[in-house]
Amino acid sequence: MKRIAATLLTAVAASILLFLLFELSPRSVAIATLGPFATPEQQTLWLQAHGYMQPPQVRYCRWLGHFLIGDFGQSRAFAAPVSSVLWPRLGHSLILVACFFAITLPVALPLGIAAGLREGSAVDRIVSAIAVATSALPPFASAVLLSALLVTRLHLVPGTSIMTEGWDWRQVVLPVLVLVLSDVGYLARITRTSMAEIMATPYIRAAILKGMSPARILFRHALRNAMITPFTIIMLQVNWAIGGVVVVEAFYSFHGIGTLLLQAALRKDLPLLEAATFVLVMIAGITQMLADIGYAFLNPRIRLS
Amino acid sequence: MTPRTAANPLLRIESLNVAYRRDGDAVPVLFDVSLSLRQGEALGIVGESGSGKSTLAMAVMRHLGRAGRITGGRIFFDGVDMASLSARELRRLYGARIGMVHQDAGLALNPSMTIGAQLTEVARAHLGSTRAEASDLARTHLRSVHLPDVDRIMGAYPFQLSGGQQQRVVIAMALVADPSLLLLDEPTSGLDATTATGIVALIRTLAAERGMAMLAISHDLHLMARLCDRVAVMYAGQVVEENRADAILARPGHPYTRGLLECLPPTSGAGRQILLPVPGQAPSPGDRPAGCAFGPRCGLFTPDPCGAGAISLHLSASGGLVRCPKAGGTADASPVRGLRPPGPEIGAAPVLLRVEALGKQYADRTGRRMVTANEGISFTVRRGRMTAIVGESGSGKSTLARIVCGLETATEGRLLLEGVDIADLLAERRTVAQRAAVQMVFQNTEMSLNPAWTIRRQIMRTLRAAGRPDDMGAEHRYAQLMDAVRLPLEAGERRAGELSGGQRQRAAIARALAASPRILVADEPVSALDVSVQAAVVELLMSLSRERDMTLVVISHDLPLMRSIADDLVVLYRGRLVEAGPAGTLLSAPVHPYTRALVAAADRPATSAQTVPDKGCLFAPHCPDRMEVCSLRAPPERVLGQDHRVACHLPDNHALGAFGEGRACHGHP
Ligand SMILES: Nc1ncnc2c1ncn2[C@@H]1O[C@H](COP(=O)(O)OP(=O)(O)OP(=O)(O)O)[C@@H](O)[C@H]1O
Ligand code: SF4
Ligand code: SF4
Ligand SMILES: [Mg+2]
């Protein structure tokens, strides 16, 4: 309950901040909307027509009201309602992120756990080597390499993800792979370290010397404690993957929310910028809330105090 | 399984050898350990840190980790060779036939599982109980360790229980499947004395009720003697003595055991508490001397037989086994070399140095304001009684020491060396005899020794300056000095910078000794040294002071170390005297709140540097007994007994009454 309230509070704070940033001075809104060559009379007319002459708190409430029902206004750059641009883009990004995690987690977590269980073993050394190799490669470099391999040589997938003829799964492959490649080793290594740490604790030794089976020690005694750190990292990566991977989106002309934000900012498309930022802030708030709930599940000390 | 008979004990360890792999080398840590344990019997293993106790327990469990390996010998549990068991068979033994009570219960419990879950899983795994049966069994065992409110505890997480409760839970957990052997690793470390006593009594009764055998491990000989029927003392990976518990207390055979018993604080109340176990250090594994491993620390050592070859266990006079041919011989001489016996009684020791209301002010960097480093410090140094000046960093200890040695002059008060005031005489203005009488050893050997000169040159110079011009005699005394500080003559030909830290400090001590001082002031003589050489230097200082009738004044922030060797203590706080007096009095009945906190914490109490009051008592911001007057007027110094002084506004009876109720802890956050 407290966490939901906190998330709502974050949302309100974010909206106020956005409002102050973009909407407080009506004149600049008018300039941004009508362009630099509109006369002051035109601007005033426009402002009156759109209710900008009222006091800020009234305008804020109305602005927020529109936001809440999903009415983000008209995008200047796309000459279409913001929502018709924003939602599909967000959808694309979410699918990208979902595919990314659907591959990364089942690979990185078990590998990390296996490596951490037997520190110094062959598995451990292989995982560490892969981790070092992949995380040393920046996303744009792996994008180039993967394109060279899968597109140019093997002709397996198209080289761009522009999706002019509607959604095409084959065009998602490359961006997802680049994301996976840049992250899977890192996450495996985090998991490994955490797991190895837990396996060395006195309570795991106690469980072994109580005669518990290896499976029970892993699943009942170790896993929950060992997942706390990787979980934190994963939650942070949700935001990183949704909004932050402009490099990957740009490289493949993938129409996600990252490039959208970039375009909106470059073209001074205020309504779009506001809406995209607001949505991203909300997503960050929600993942934070999920992270807190997950923590409480993993760590009873947090849950009970 | 072979049937158990009297000749077939429950646990039999036969010349067990264990080594750990370290940097590719196998370092042996257990040597030919043979022990056996009958059904229902309790055996205690005692030894200092690093002696191999826990390795022994883990070897019994065949759980030595990846680095450890049994390199020889065998272990039979209930007639079965442990080495022949598969992982699955071992698992059936763990928790079911052998229960384990771990050191530090708080860490041995899984933080994210309820107590109930951790207890019931044992019954479910080993007894095949249903959920309900397991839960009933868990409750029964929690009750049997006298835990209140069992329902709450079943649902609780470890962090919701106190240390004593956690320890009881761990015991209950080890008992659930009714094992025939209980392994206890430091079962009471980390518990306060009262709780520990209760736990020991509890374990004894439970074991007796169930006819359960116990193998317990501790560094505390008295504890093991209370808990067990028999005790084995381990030193550097070997059993050096084994006997019935009462016999080992009454007639210890091995010099090490005797040292342990002498050093242990008397079980009854206050007195001279000696926390430093046996002086010196156990040899590090793989670095053992030929012959008796205890030889370097033994007061009875002679090259033959001690240094000649391996010493074997033999029957002792008191009916046990002991690994020393001289055991049971002359029991009078202190068997442990370097252990400092108390100095003479105050009445019998003449005053050598009297410090009276000594003060020192420095002008600060701008030259306008004055910084008070020492103010109103009074105490007495008596011949043969070692005085320790303790206080936290910045409390003015070093300033005081430098004034005593004439490296600075006092700005107020008197410093009487055998009745003559030398407070405002720098060393070069003192007479030759006065200068020689007080010598100093610094924390930093760079301050004692000139790095560009050879050690020999520096010592010879001091020898000549001390006023004996005949060169032949000087050469001879130089050789004696080097021998006294256990430095090879060859080291004397090197420059100070070419010696190790420990060797340098020895050379600095030799240089100070060259003047044949009556008083040796040592400012943190060991704090810059590696732990492994600290004890050796402390020992050296103490034995030198005995041999040469030299009175030691040691400056240290380390009360736990000082309390074990000093006769008198001087406690400073921010340049002021807090309390001074005989160590026994200060440790058993400290009067000043700061001393009480120091003694209770066995470490320095938290006194973060925040606000220093500009008047009144400087300790007031941290004082649990602060009164109104404390922030108005500086506390007066009062004399409470011979040489016992304290600076505090509290009336005596209050302070004495308050001690013992743990009030000293209030000052901590
Ligand atoms: N030469 C000096 N000039 C100015 N102030 C000094 C000088 N020497 C010492 N002081 C000050 O006197 C106080 C006591 O210093 P002193 O070196 O005696 O403390 P200490 O107890 O030996 O500390 P530590 O254990 O850290 O060496 C400190 O506040 C210090 O800053
Ligand atoms: S007397 Fe000799 S054999 Fe006995 S403990 Fe001392 S050094 Fe070792
Ligand atoms: S004088 Fe007052 S404040 Fe200072 S130690 Fe004594 S009781 Fe505490
Ligand atoms: Mg100092």
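These figures come from a predicted structure and were not determined experimentally.

Reading guide: rules and limits
- Residues numbered from 1 in each chain as written.
- Chains lettered and ligands numbered in written order.
- Predicted model: local features only at pLDDT ≥ 70, side-chain atom pairs only at ≥ 80, totals over all residues.
- Heavy atoms only, no water.
- Helix = DSSP H or I, 4+ residues; strand = E, 2+ residues; numbered from the N terminus.
- Buried < 20%, exposed > 50% of the residue type's maximum accessible area, 1.4 Å probe, protein only.
- Contact = heavy atoms within 4.5 Å.
- Areas by Shrake-Rupley, 256 points an atom, 1.4 Å probe, with all protein chains shown as cover.
- Axes fitted to C-alpha atoms, helices over the stretch in contact; angles between N-to-C directions.
- Parallel < 35°, antiparallel > 145°, perpendicular 65-115°, else oblique.
- Left-handed = near helix turned anticlockwise from the far one by under 90°.
- Nonpolar A, V, L, I, M, F, W, Y, C, P; charged D, E, K, R; others polar.
- Pairing = 2+ DSSP bridges.
- Near = heavy atom within 4 Å.
- Patch = residues over 30% accessible without salt bridge, like charges linked within 9 Å, V, L, I, M, F, W, Y side chains within 5 Å.
- Salt bridge = Lys/Arg side-chain N within 4 Å of Asp/Glu carboxyl O.
- Lys, Arg positive; Asp, Glu negative; His and termini not counted.
- Charge placed at Lys NZ, Arg CZ, Asp CG, Glu CD.
- 1 Å grid on protein atoms, 1.4 Å probe; cavity = no way out; pocket = protein on both sides within 12 Å on 5 of 7 lines; lining within 4 Å.
- Points joined across faces, edges and corners; volume = space filled by probe spheres on them.
- UniProt positions renumbered as here; feature names shortened; annotations may be inferred.
- Phe/Tyr/Trp six-rings, centres within 6.5 Å; stacked < 30°, edge-to-face > 60°.
- Lys NZ or Arg CZ within 6 Å of the ring centre and 35° of its normal.
- Polar contact = N/O pair within 3.5 Å; in protein donor to acceptor, adjacent residues only side chain to side chain.
- Core = buried A, V, L, I, M, F, W, Y, C linked by side-chain atoms within 4.5 Å.
- Expected span 1.5 Å × (residues − 1).
- Bend = angle between axes of the 7 residues up to and from the residue.

Visitor: Account for the overall build of chain B, with residues named and values stated.
Guide: Within chain B, the secondary structure is distributed over 24 helices and 24 strands. For chain B, with 669 residues in total, the buried portion stands at 53%. Summarising the internal contacts of chain B: among those between residues at least 6 apart in sequence, 66% fall at separations of at least 24. Roughly 28300 Å² of accessible area belongs to chain B as shown, and the carbon and sulfur atoms make up 51% of that amount.

Visitor: Could you give an account of the packing of helix H1 (residues 2-22) of chain A against helix H14 (residues 270-298) of chain A, with specific residues and numbers?
Guide: Describing two packed helices takes the angle between their axes plus the distance from one axis to the other. All names here are of chain A. Running from amino to carboxyl end, H1 crosses H14 at an angle of 160°, the nearest separation of the two axes being 10 Å. Comparing their axes, H14 and H1 come out roughly antiparallel. The crossing of H1 and H14 is right-handed. Of the residues belonging to the contact of H1 with H14, the class tally is 14 nonpolar, 4 polar and 3 charged.

Visitor: Help me get a handle on the sheet that holds strand S4 (residues 68-77) of chain B, residues and values and all.
Guide: Sheets are built from strands paired through backbone hydrogen bonds, the pairs being either parallel or antiparallel. All names here are of chain B. As summarised here, the arrangement of the 4 strands in space is S2-S1-S4-S5, forming an open sheet in which the pairing is antiparallel. Looking along the sheet, the strands with just one partner apiece sit at the ends: strand S2 (25-37) and strand S5 (80-81). Two elements, strand S1 (residues 11-22) and S2, share 9 bridges in a ladder whose sense is antiparallel. Bridged to Arg12 within S2 is Ser36. Sheet strands touched by helix H1 (residues 53-60): S1, S2 and S4. Its angle to S1, the strand with the most contacts, is close to 110°.

Visitor: Break down the site of ligand 2 for me, citing the residues and quoting the values.
Guide: Every residue near ligand 2 is listed here: His254, Pro255, Cys292, Phe294, Gly295, Cys298, Leu300, Phe301, Cys306, Cys324, Pro325 and Lys326 of chain B. Here the shell around ligand 2 is built from residues that sort into 9 nonpolar, 2 polar and 1 charged.

Visitor: Got a sec to walk through a positive patch on the surface? Specific residues and values, please.
Guide: The grouping of Arg118 of chain A together with Arg21, Arg66 and Arg69 of chain B at the surface amounts to a positive patch. Tracing the backbone through its elements, the reader meets Arg118 of chain A in the loop between helix H5 (82-117) and helix H6 (122-135).

Visitor: Please set out the interface of chain A and chain B residue by residue, giving values where relevant.
Guide: Across the contact, 23 residues belong to chain A and 26 residues belong to chain B. In this structure, the connection of chain A to chain B is made through 2 salt bridges. Looking at the side of chain A that touches chain B, the elements with two or more residues in it are helix H9 (202-208), helix H10 (214-226) and helix H15 (300-303) of chain A. The element contributing the most residues to the side of chain A that touches chain B is H10 of chain A, with 6 residues. Here the residues of the side of chain A that touches chain B sort into 10 nonpolar, 5 polar and 8 charged.

Visitor: Outline the pattern of salt bridges, listing residues and values.
Guide: Side chains carrying opposite charge are able to pair once their charged atoms draw close together. Residue and element names in this part refer to chain B. Within the structure shown, the criterion is met by 26 salt bridges over all chains. Arg414 is the salt-bridge partner of Glu356, the closest N and O atoms lying 3.2 Å from each other. Pair noted here: Glu356 is in strand S13 (residues 351-363) and Arg414 is in strand S16 (residues 412-417), with a separation of 58 residues, a long-range link. Judged by its relative accessible area of 27%, Glu356 falls in the partly exposed class. Of the residues examined, Arg414 reaches a relative accessible area of 40% and is grouped as partly exposed.

Visitor: Which residues make up empty space enclosed by the protein, and what values do they have?
Guide: Taken as a whole and judged by the stated rule, the model has 8 cavities of 30 Å³ or more. Lining the largest cavity are Ala206, Leu209 and Lys210 of chain A together with Gly95, Gly99, Met100, His102, Val170, Met173 and Ala174 of chain B. Contributing elements (two or more residues each) for the lining of the largest cavity: strand S6 (98-101) and helix H7 (163-175) of chain B.

Visitor: Now, about the site of ligand 3: what can you tell me, with residues and values included?
Guide: In the region of ligand 3, the neighbouring residues are His592, Pro593, Cys617, Phe619, Ala620, Cys623, Asp625, Cys630, Pro635, Cys648, His649 and Leu650 of chain B. Grouping the constituent residues of the shell around ligand 3 by class yields 9 nonpolar, 2 polar and 1 charged.

Visitor: An account of the layout of surface pockets is needed here, citing residue identities and associated values.
Guide: Its volume calculated, the second largest pocket comes out at about 1100 Å³. In terms of lining, the second largest pocket is formed by 24 residues, of which the most central are Leu117, Met199 and Ile208 of chain A together with His63 and Gly65 of chain B. Those elements giving two or more residues to the lining of the second largest pocket turn out to be H5, helix H8 (173-199), H9 and H10 of chain A together with helix H2 (87-93) of chain B.

Visitor: Explain the UniProt feature "transmembrane region" (unreviewed entry) in chain A to me, using residue names and the numbers behind them.
Guide: The positions that UniProt labels "transmembrane region" (unreviewed entry) are, in the present scheme, residues 94-117, 129-152, 172-190, 226-255 and 275-298 of chain A. Counted over residues 129-152 of chain A, helix gives 88% and strand 0%. Its end C-alpha atoms are 28 Å apart.

Visitor: Now, about unusual backbone geometry: what can you tell me, with residues and values included?
Guide: Only a minority of non-glycine residues have a phi that is not negative, and only a minority of peptide bonds are not trans. Residues and elements named next belong to chain B. Of note in this structure, Glu418 is not a glycine but carries a positive phi near 45°. Here Glu418 is to be found in the loop between S16 and strand S17 (420-421). A positive phi angle, close to 50°, is found at Ser516, a residue other than glycine. Following the sequence through the fold, Ser516 ends up in the loop between helix H19 (501-513) and strand S19 (519-523).

Visitor: A description of the packing of aromatic side chains should follow, citing residues and the corresponding values.
Guide: The full count for this structure, using the stated rule, is 10 aromatic pairs over all chains. Seen from their ring centres, Tyr157 of chain B and Phe159 of chain B are 6.5 Å apart, and the 20° between their planes marks the pair as stacked. Ring pairing ties together the aromatic residues Phe100, Phe101 and Trp240 of chain A, which thus form one cluster. Seen from the ring of Phe297 of chain A, Arg224 of chain A lies directly overhead, with NZ or CZ sitting 4.7 Å from the centre.

Visitor: Explain the pairing of S13 of chain B to me, using residue names and the numbers behind them.
Guide: All names here are of chain B. In the sheet, S13 pairs with strand S14 (residues 370-382) via 9 bridges, with the strands oriented antiparallel. Residue pairing across strands places Lys360 opposite Asn374, the latter belonging to S14. Where S13 meets S16, 5 bridges bridge the pair, whose relative direction is antiparallel. Looking across to S16, one finds that Glu356 is bridged to Arg414.

Visitor: Got a sec to walk through the environment of Leu449 of chain B? Specific residues and values, please.
Guide: Residue and element names in this part refer to chain B. Here Leu449 is to be found in the loop between helix H15 (445-448) and helix H16 (455-465). C-alpha of Leu449 to C-alpha of Ala508: the two residues are 59 residues apart in sequence and 6.4 Å apart in space. Those residues in contact with Leu449 that lie beyond four places of it in its chain are Ile455, Gln458, Ala496, Arg504, Ala507, Ala508 and Arg511.

Visitor: Pulling in residues and values, what's your account of the side chain of Arg323 of chain B?
Guide: All names here are of chain B. Inspection of the secondary structure puts Arg323 in the loop between strand S12 (321-322) and S13. No salt bridge is formed by the buried Arg323; the nearest opposite charge belongs to Asp32, separated by 6.7 Å. Within polar-contact distance, the side chain of Arg323 engages the backbone oxygen of Val239 at 2.8 Å.

Visitor: Account for the nonpolar core, naming residues and giving values.
Guide: Residue and element names in this part refer to chain B. Residues Leu119, Leu142 and Val169 are the most contacted members of the largest nonpolar core, which totals 78 residues. Top contributing element to this core by residue count: H7, with 7 residues. Here Val169 is in contact with Leu109, Ile115, Leu119, Leu142, Leu147, Ile153 and Leu161, once residues within four sequence places are set aside.

Visitor: Describe in detail the sheet that holds S12 of chain B, supporting the description with residues and values.
Guide: Residues and elements named next belong to chain B. One open sheet accounts for 8 strands, arranged S6-S7-S8-S3-S9-S10-S12-S11; its pairing is mixed. Looking along the sheet, the strands with just one partner apiece sit at the ends: S6 and strand S11 (314-315). Sheet topology places strand S3 (residues 42-46) next to strand S8 (residues 213-218); 5 bridges connect them, and they run parallel. Bridging across to S8, Ile45 finds its partner in Ile217. In the packing of H1 onto the sheet, the strands contacted are S3, S6, strand S7 (181-185), S8 and strand S9 (230-235), and the crossing angle to S8 comes to about 150°. Across the sheet, H7 touches S6 and S7, and the angle it forms with S6 is around 175°.

Visitor: Go over helix H4 (residues 115-126) of chain B, please, and point to the residues and values.
Guide: Relative to the 16 Å expected for 12 residues at 1.5 Å per residue, H4 of chain B spans 18 Å between its end C-alpha atoms, a close match to the ideal helical length. Looking at the packing, one finds that the buried side of H4 of chain B touches H10 of chain A together with H2, helix H5 (131-144), helix H6 (150-155) and H7 of chain B.

Visitor: How would you explain H8 of chain A if you had to name every residue and give the values?
Guide: Residue and element names in this part refer to chain A. Its 27 residues give H8 an end-to-end C-alpha distance of 37 Å, which sits within 8% of 39 Å, the value for a rise of 1.5 Å per residue. For H8, the principal kink sits at Asp183 and spans about 35°. For H8, a buried count of 19 out of 27 residues is recorded, marking the element as mostly surrounded by other parts of the structure.

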